[in-house]
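The residues making up each chain are set out below.
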Amino acid sequence: DIEKRGFRAYLVGGCVRDLLLGRMPEDWDIASSARPEQIMEIFGAQALPTGLKHGTVTVKTWDGAYEITTFRTDGAYSDGRHPDAVAYTKTIEEDLSRRDLTINAMAISSSGRLVDPFDGAGDLARRVIRCVGKAERRFSEDALRILRLYRFAARFGFAIDEATEAAAKQLASHLDCVSAERIEEELNKLLAAPQPGVYLEPEVLAFVLPELPPEELTKARRRIDALPAGTEQVSARWAALLLPLGETGARKALKRLKCSNARIDGAAVLVRECGEKTPDTLDKCDLCLQAKRLLGKYDLHTVQQLTALWTALAPEEKASFDALRAEAEALTAQGTCCRISQLAVNGRDLMAAGAAPGPGLRRVLEALLEEVITGRLPNEKTELLAFAARFSAS
Ligand code: ATP
Ligand code: MG
């Protein structure tokens, strides 16, 4: 549609890289010679001015949203993070030259021609991450690129070009220009990668996570790599990284990075549970009770993360932690009662049966839960009420 009006349009950046890798791109970015206002005019109500400052318009179509950005170069960078001004340019090549990494600086024209002035395709084939242009200059312009470098290298398991890596380490102190939110975002993505260990570079981490003593890093890297990958597992990887700081230290570090409360709590709980002694090998009966007690405190996902983390800490116990996890999964699937909310009676039932309201109610419910999870009582209303009456009288 853009080209019908005499403008040029290219798929650009991450989607081109992903297509060449044979991966399904998550989002589709388009670079165009058309100005934002011209894009707005072409697409009318489908177009939203989402980033006019950077020349970006989002166009919603039946098969998803496209971000269309006018060819541009970035002006001078005086704050080590943002260009002072952006200027529109005439060619896709100029637009590609402002991009950070060669594998992110390719475009595909509407006729399917690859535009790749920095040999990003070659670097993809060689499995190497490299800056576009001189790495020192690119990292001085915008220090966030240092973290993006490790993030993309980790995501694909690529090596890092020597000159690029040297510049990244040398300029890591510039990361103090980058906001905590952006650092957190990059670290989350890095920690979601398959094997992020070797990409947690001590010289870089010293500036983004100074709380962590460098001598702890080797073990932390091993723990992290032993855990499953993916965005759902990032809290466990944070816990594996921050374990040496204890629960309080881990909370402080994550708070400083402006992590969400869900992230802070998710990781801190795991750090706390790992600080206590990892459970001993369990026989079948203890196993079931242990799984029920864990599910009484945490949701299944947390229990799964915890058993994975225990395994990372004590690989020789893997079989028993696997069994514990399997038990927790089975109990959840069966809907077995593991917490007060799953009891066949609640506080209202107890009061209806004559119990006095107040904190004593909770103690009764806790006692009932203990009877049920140990199997001494079935989770049935009449039996539970009878026990509660005896319990309250005693
Ligand atoms: P992802 O799949 O993680 O979204 P992506 O390559 O699309 O990867 P984005 O952060 O969405 O990454 O950025 C889109 C493109 O914009 C990149 O491919 C890159 O060309 C360019 N880019 C993004 N951030 C920077 C930056 N800080 N400096 C230079 N170029 C950048
Ligand atoms: Mg993207």
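This text goes with the structure placed above it.
Throughout this description, residue numbers start from 1 for each chain and increase along the sequence as written. All chains are assigned letters beginning with A, and all ligands numbers beginning with 1, in the order in which they are written. Local features in this predicted model are restricted to residues whose pLDDT is 70 or higher, and side-chain atom pairs enter the listing and the counts only when it is 80 or higher, whereas totals over whole chains, interfaces and linings include all residues. Derived side-chain values reflect all non-hydrogen atoms in the structure, with water molecules and hydrogen atoms excluded from consideration.

> What exactly am I supposed to notice about the pattern of salt bridges here?
Opposite charge on two side chains makes pairing possible when the charged atoms of those side chains draw close. Whenever Lys or Arg places a side-chain nitrogen within 4 Å of a carboxyl oxygen from Asp or Glu, that contact is recorded as a salt bridge. On inspection of all chains with the given rule, the structure shows 31 salt bridges. Taking the shortest distance from any N to any O, the salt bridge between Arg148 and Asp100 comes out at 2.6 Å. Placement of the pair is Arg148 in helix α6 (residues 144–156) and Asp100 in the loop between α3 (92–97) and β8 (107–109), with a sequence separation of 48 residues. Between Arg130 and Asp123 there is a salt bridge, with the nearest N and O atoms lying 2.8 Å from each other. Judged by its relative accessible area of 25%, Arg130 is partly exposed. Only DSSP runs of H or I with at least four residues qualify as helices, and only runs of E with at least two residues qualify as strands; both kinds are numbered from the N terminus onward. Exposure is judged per residue with a 1.4 Å probe applied to protein chains only, and the accessible area is read against the type maximum: over 50% gives exposed, under 20% gives buried, and values in between give partly exposed.

> What's the story with the nonpolar core in this structure? I'm lost.
If you look at soluble globular proteins, the nonpolar side chains tend to sit buried side by side. Counting 95 residues, the largest nonpolar core has Ile2, Phe139, Ile146, Leu175, Trp238 and Leu241 as its most contacted members. Considering each element in turn, this core owes the most residues, nine residues, to α6. Residues contacting Phe139, with those up to four places away along its chain left out, are Cys131, Arg145, Ile146, Leu149, Thr164, Ala167, Ala168 and Leu171. Judged by nonpolar contacts, the second largest core, of 17 residues, contains Cys337, Leu365, Leu368 and Val372. For this analysis, a nonpolar core means a set of buried residues of the types Ala, Val, Leu, Ile, Met, Phe, Trp, Tyr and Cys, connected via side-chain atoms within 4.5 Å. When checking whether two residues touch, look at their non-hydrogen atoms; a contact exists if any pair is within 4.5 Å.

> For this particular structure, what's the right way to read the sheet that holds strand β9 (residues 114–115)?
Sheet strands line up and pair through hydrogen bonds in the backbone, either parallel or antiparallel. At least two bridges found by DSSP between two strands are what make those strands a pair. Across the sheet, seven strands lie side by side as β3-β4-β5-β2-β1-β8-β9; this open sheet has mixed pairing. Bordering the open sheet on either side are β3 (47–51) and β9, each of which pairs with just one other strand. Relative to strand β5 (residues 64–70), strand β2 (residues 28–32) runs parallel, the two sharing five bridges. Each bridged residue has a counterpart across the sheet, and for Ile30 the counterpart in β5 is Ile68.

> What is the right way to read the pairing of strand β4 (residues 56–61) from this model?
For a regular strand, side chains alternate in direction, first toward one face of the sheet and then toward the other. Strand direction decides the pairing type here: β3 and β4, joined by three bridges, are antiparallel. Looking at β4, one finds that Gly51 is bridged to Thr56. As consecutive antiparallel partners, β3 and β4 are separated by four residues, and within that stretch Gly55 has a phi angle of approximately 80°, a positive value. Where β4 and β5 come together, six bridges link them in antiparallel fashion. When the sheet's bridge partners are listed, Val57 is paired in β5 with Ile68. Where β4 folds back onto β5 in an antiparallel hairpin, the turn is made up of two residues.

> Help me out: how do you make sense of the packing of aromatic side chains in this one?
Any pair of aromatic rings gets described here by the distance separating the centres and the angle formed by the planes. The criterion for an aromatic pair is that two Phe, Tyr or Trp rings (for Trp, the six-membered ring) have centres within 6.5 Å, with stacked assigned to planes under 30 degrees apart, edge-to-face to planes over 60 apart and tilted to the rest. Applying the stated criterion across every chain, the model contains four aromatic pairs. A centroid spacing of 5.7 Å and a plane angle of 35° characterise the contact between Trp310 and Phe321, whose relative ring orientation is tilted. You can see Trp310 sitting in helix α15 (residues 300–313) and its partner Phe321 sitting in helix α16 (residues 318–334), a full eleven residues away along the chain. Comparing Trp310 with Phe321, the two get one shared label, buried. Counting as a charge over the ring demands two things of the Lys NZ or Arg CZ atom: a distance within 6 Å of the ring centre and an angle within 35 degrees of the ring normal. When the ring centre of Phe152 is taken as reference, the NZ or CZ atom of Arg151 above it lies at 4.4 Å.

> Help me out: how do you make sense of helix α7 (residues 162–170) in this one?
Three or four residues apart is the spacing at which side chains of an α-helix point the same way, because the helix has 3.6 residues per turn. Buried within α7 are the following residues: Thr164, Ala167 and Ala168. Angular distribution of buried residues about the axis of α7 spans 100°; they occupy a single face of the element. Seen from the open side of α7, the exposed residues pointing more than 90 degrees away from its buried face are Glu162, Ala163 and Gln170. Considering only its buried residues, α7 is in contact with β10 (128–129), α5 (135–141), α6 and β11 (159–160). Arc definition: it is the arc formed by the directions from the helix axis to the C-beta atoms.

> Would you take a moment to explain the environment of Asp161 for this structure?
As for its position among the elements, Asp161 is in the loop between β11 and α7. Sequence separation of Asp161 and Ile129 is 32 residues, and the distance between their C-alpha atoms is 5.8 Å. Beyond its immediate stretch of four places on either side in the chain, Asp161 contacts Val128, Ile129 and Arg130. A distance of 3.4 Å separates a polar atom in the side chain of Asp161 from the backbone nitrogen of Ala163. Polar contact is defined as a pair of N or O atoms within 3.5 Å, subject to the rule that within protein one atom must be able to donate a hydrogen and the other to accept it, and that residues adjacent in sequence are counted only when both atoms are side-chain atoms. One polar contact links Asp161 to Thr164, side chain to side chain, over a distance of 2.8 Å.

> Just to check I follow, could you spell out the site of ligand 1 for this structure?
Residues are counted as near a molecule or strand when any one of their heavy atoms sits within 4 Å of it. Within the structure, ligand 1 sits among 14 residues, and Arg17, Asp142, Arg145, Arg148 and Arg155 are positioned closest to it. Here Arg145 contributes a side-chain N or O atom positioned 2.7 Å from a nitrogen atom of ligand 1. Of all the elements in the fold, those that place two or more residues in the shell around ligand 1 are α1 (14–21) and α6. With five residues, α6 is the largest single contributor of residues to the shell around ligand 1. Any residue outside Ala, Val, Leu, Ile, Met, Phe, Trp, Tyr, Cys, Pro, Asp, Glu, Lys and Arg is labelled polar, Gly included; the first ten of those are nonpolar and the last four are charged. Residue composition of the shell around ligand 1, by class: one nonpolar, three polar and ten charged.

> Help me understand helix α13 (residues 261–275), please; the structure alone is not making it clear to me.
The span you would expect from a helix comes to 1.5 Å times its residue count less one. Spanning 15 residues, α13 covers 21 Å between terminal C-alpha atoms, matching the ideal 21 Å at 1.5 Å per step. All buried positions along α13 are accounted for by Arg263, Ile264, Ala267, Ala268, Val269, Leu270, Val271, Glu273 and Cys274.

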